[in-house]
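# Observations on the model geometry
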Amino acid sequence: QVQLVESGGGLVQPGGSLRLSCAASGFTFSDYGMSWYRQAPGKERELFARISTGGSTDYADSVKGRFTISRDNAKNTVYLQMNSLKLEDTAVYYCSVYYRARYWGQGTQVTVSS
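Calculation rules
- Residue numbers restart at each chain and count upward from 1, following the sequence in its written direction.
- Where totals are concerned, whole chains, interfaces and linings use all residues; where local detail is concerned, this predicted model gives features only for residues with pLDDT of at least 70, and gives and counts side-chain atom pairs only at 80 or more.
- Side-chain calculation: all heavy atoms of the structure are included, whereas hydrogens and water are not.
- At least two DSSP bridges between two strands are needed for those strands to be called paired.
- Helix and strand assignments follow DSSP, with helices taken as H or I runs no shorter than four residues and strands as E runs no shorter than two, numbered in order from the N terminus.
- As used here, the term nonpolar core means buried Ala, Val, Leu, Ile, Met, Phe, Trp, Tyr and Cys residues forming a set that is joined through side-chain atoms within 4.5 Å.
- Remark: exposure states derive from per-residue accessible area (1.4 Å probe, protein chains only) relative to the maximum for the residue type, with buried under 20%, exposed over 50%, and partly exposed in between.
- Contact criterion: two residues are considered in contact whenever any of their non-hydrogen atoms come within 4.5 Å of each other.
- Interaxial angles span 0 to 180 degrees and are taken between N-to-C directions of axes, which are lines fitted to C-alpha atoms, for helices over the stretch in contact.
- One speaks of a salt bridge when a side-chain nitrogen belonging to Lys or Arg is within 4 Å of a carboxyl oxygen belonging to Asp or Glu.
- Two cysteine sulfur atoms make up a disulfide if the distance between them is within 2.5 Å.

### Describing the pairing of strand β5 (residues 46-51)
Relative to β5, strand β4 (residues 34-39) is paired through five bridges, and the arrangement is antiparallel. Among the inter-strand pairings, W36 is bridged to a residue of β5, identified as A49. Between β4 and β5, which follow one another and run antiparallel, lie six residues, and G42 among them has a positive phi close to 75°. With three bridges connecting them, β5 and strand β6 (residues 57-59) associate as antiparallel partners.

In structure tokens form, the structure reads like this:
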């Protein structure tokens, strides 16, 4: 059974940093690309970062240059380093994998506020 468990969210001031983690199980992690999505209040869930099996990355313009996605196949974990956080980054953050179907974690809240 696929499980994705996010952690690392919290409250941070504008300009601050957070590092999110997503521990995966139930599939061969190294064989699948991983993604991060987020959903702000009143908005649709949006894809903003992804990493391939080979480590290639892709970002939405809104986070490019500030966020970094990475993976550790030995730990079955994908990470999201978020720097220079802005008020508009406030959202619930989800990791995701497409393994026969789309799977999501439970999400972790990131709140950027002064």
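### Looking at the nonpolar core
Within the largest apolar cluster, 30 residues are counted, with the highest numbers of intra-cluster contacts made by L4, F27, W36, V78, L80, M82 and Y93. Put simply, the parts of the chain that give this core at least two residues each are β3 (18-25), β4, β5, β7 (67-72), β8 (77-82), β9 (91-98) and β11 (108-112). When neighbours within four sequence positions are excluded, Y93 is seen to be in contact with E6, L20, W36, Y37, R38, F48, F67, L80, M82, G107, T108 and V110.

### What to know about the sheet that holds β8
Strands sit in the order β1-β3-β8-β7 across an open sheet of four strands; the sheet is antiparallel. Each end of this open sheet is capped by a strand with a single partner; those strands are β1 (3-7) and β7. Taken pair by pair, the neighbouring strands of this sheet meet at an average axis angle of 15°, ignoring direction. Note: β1 against β3, five bridges, orientation antiparallel. Bridge pairing links V5 to A23 in β3.

### Structural notes on the pattern of salt bridges
A side chain of one charge can pair with a side chain of the opposite charge when the charged atoms of the two come close. Under the counting rule described, the total for this entry stands at five salt bridges. Between R38 and D89 there is a salt bridge; the shortest N-O distance is 2.9 Å. Of the two residues, R38 is situated in strand β4 and D89 in the loop between β8 and β9; the sequence distance between them amounts to 51 residues. For the pair shown, R38 and D89 are each scored as buried. The salt bridge partner of R50 is D58, with a shortest N-O separation of 3.1 Å.

### Brief notes about the pairing of β11
Along β11, the buried face is formed by T108, V110 and V112; none of Q109 and T111, which line the opposite face, is buried. Here strand β2 (residues 10-12) pairs with β11 via three bridges, running parallel. The residue of β11 that forms the bridge with L11 is T111. Of the strand pairs in this sheet, β9 and β11 are connected by three bridges, and their pairing is antiparallel.

### Quick notes on the state of the cysteines
Structurally, a disulfide amounts to a covalent bond that connects the sulfur atoms of two cysteines. Under the definition given, this model contains one disulfide. Each disulfide pairs two cysteine sulfurs, and for C22 the partner residue is C95, the sulfurs being separated by 1.9 Å. Because the sign of the S-S torsion sets the handedness, a value of about 45° for the bond joining C22 and C95 places this disulfide among the right-handed ones. You can see C22 sitting in strand β3 and its partner C95 sitting in strand β9, a full 73 residues away along the chain.

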